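Here is how the chains run, residue by residue.
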Amino acid sequence: MDFVRKHSMRKLEIKGIRHSEQWSLPLTAVREAIINAVVHADYAQKGSPIRLAIFDDRIEIENPGLLPFGLTIDDIKRGVSKLRNRVIGRVFHKLGLIEHWGSGIKRIIESCKEVGFAEPNFEELGTHFRVTIFTGQKFQPNINKTEQQILNILAKANGCSTEELSKLIKLSKRATRNRILALIEKGLVVELGLSLKDPHKKYFLAKK
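Residues numbered from 1 in each chain as written. Predicted model: local features only at pLDDT ≥ 70, side-chain atom pairs only at ≥ 80, totals over all residues. Heavy atoms only, no water.

A. Summary view of the packing of helix H7 (residues 162-169) against helix H8 (residues 173-185). With their axes 9 Å apart at the nearest point, H7 and H8 run at an angle of 105 degrees to one another. By the angle between their axes, H7 is roughly perpendicular relative to H8. Across the interface between the two elements, Thr162, Glu163, Leu165, Ser166 and Ile169 of H7 pack against Lys173, Thr176, Arg177 and Ile180 of H8. Its residues assigned to classes, the contact of H7 with H8 comprises three nonpolar, three polar and three charged. (Axes fitted to C-alpha atoms, helices over the stretch in contact; angles between N-to-C directions. Helix = DSSP H or I, 4+ residues; strand = E, 2+ residues; numbered from the N terminus. Parallel < 35°, antiparallel > 145°, perpendicular 65-115°, else oblique. Contact = heavy atoms within 4.5 Å. Nonpolar A, V, L, I, M, F, W, Y, C, P; charged D, E, K, R; others polar.)

B. Structural context of the nonpolar core. Formed by 21 residues in total, the largest nonpolar core has its most connected members in Ile59, Phe122 and Ile133. In this structure, Phe122 is in contact with Ile73, Lys77, Ile105, Ile108, Ile109, Phe129, Arg130 and Val131, ignoring residues within four places of it in sequence. Core analysis: the second largest hydrophobic core is formed by 13 residues, Ile150, Cys160, Leu165 and Ile184 among them. (Core = buried A, V, L, I, M, F, W, Y, C linked by side-chain atoms within 4.5 Å. Buried < 20%, exposed > 50% of the residue type's maximum accessible area, 1.4 Å probe, protein only.)

C. Expanded view of the packing of helix H2 (residues 27-40) against helix H5 (residues 104-114). With their axes 8 Å apart at the nearest point, H2 and H5 run at an angle of 160 degrees to one another. One element, H2, and the other, H5, form an angle in the roughly antiparallel class. Considering how the two elements wind past one another, H2 and H5 form a crossing that is left-handed. Contacts between H2 and H5 involve Thr28, Ala29, Glu32, Ala33 and Asn36 from the first element and Gly104, Ile105, Arg107, Ile108, Ser111 and Cys112 from the second. (Left-handed = near helix turned anticlockwise from the far one by under 90°.)

D. Representation of the environment of His200 in the model. Here His200 shows up in the loop between strand E7 (189-193) and strand E8 (202-205). Of the residues examined, His200 reaches a relative accessible area of 63% and is grouped as exposed.

E. Focus on the pattern of salt bridges. Tallied over the full model, the rule gives 17 salt bridges. The closest approach of N and O atoms between Glu62 and Arg130, which form a salt bridge, is 2.8 Å. Here Arg130 lies in strand E6 (residues 128-134) and Glu62 lies in strand E4 (residues 58-64), a separation of 68 residues in the sequence. Of the residues examined, Glu62 reaches a relative accessible area of 11% and is grouped as buried. The partner of Lys201 in a salt bridge is Glu191, with the nearest N and O atoms 3.6 Å apart. With a gap of 10 residues between them, Lys201 in the loop between E7 and E8 and Glu191 in strand E7 connect regions that are remote in the sequence. Relative accessible area serves as the criterion here: at 10%, Lys201 is assigned to the buried category. A single salt-bridge network, built from bridges that share partners, covers Arg51, Asp57, Arg58, Glu60, Glu62 and Arg130. (Salt bridge = Lys/Arg side-chain N within 4 Å of Asp/Glu carboxyl O.)

Have a look at this one:
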């Protein structure tokens, strides 16, 4: 995940001494695809590593091992799951990396749609399974009531800080920050500051 963040998670727009940032990938979808690749890889295939590749228009996560016998791509989209590596699965579950068996693929699809990206592609290639997450934004992201309230405020204001927004929407700073981050990931809001940790950074509507 650190590799993904470093190479493709942020897009910077520099204006003078300030810069704004936008997420360029649905982070939740990438995280779930990586977890699935580790948990369901066929480690009996010697010399076949788990592969993560970043391109201009997509990110591919590929692991050795086809779907277990009798399981189809339509099945996994519906939440049907057969665990190949039970020990790894149990460890990931106890660590909180897996919430429910069979929920990973559905979460990948839903998180992409949530931020306005096309549905990911799932395919079996030779002896490998590949998830392709497309990074070209094609649809209007889903917006909840609180997020729309923040967008309405930013449309009328010349930038707002987390503290200012939290007072206006009557939520804690932490809860407000989480909603701002969701809007940044959806490409609807940008943050502007002197640095990544600038305490005085403000948020603006993203340019269409």
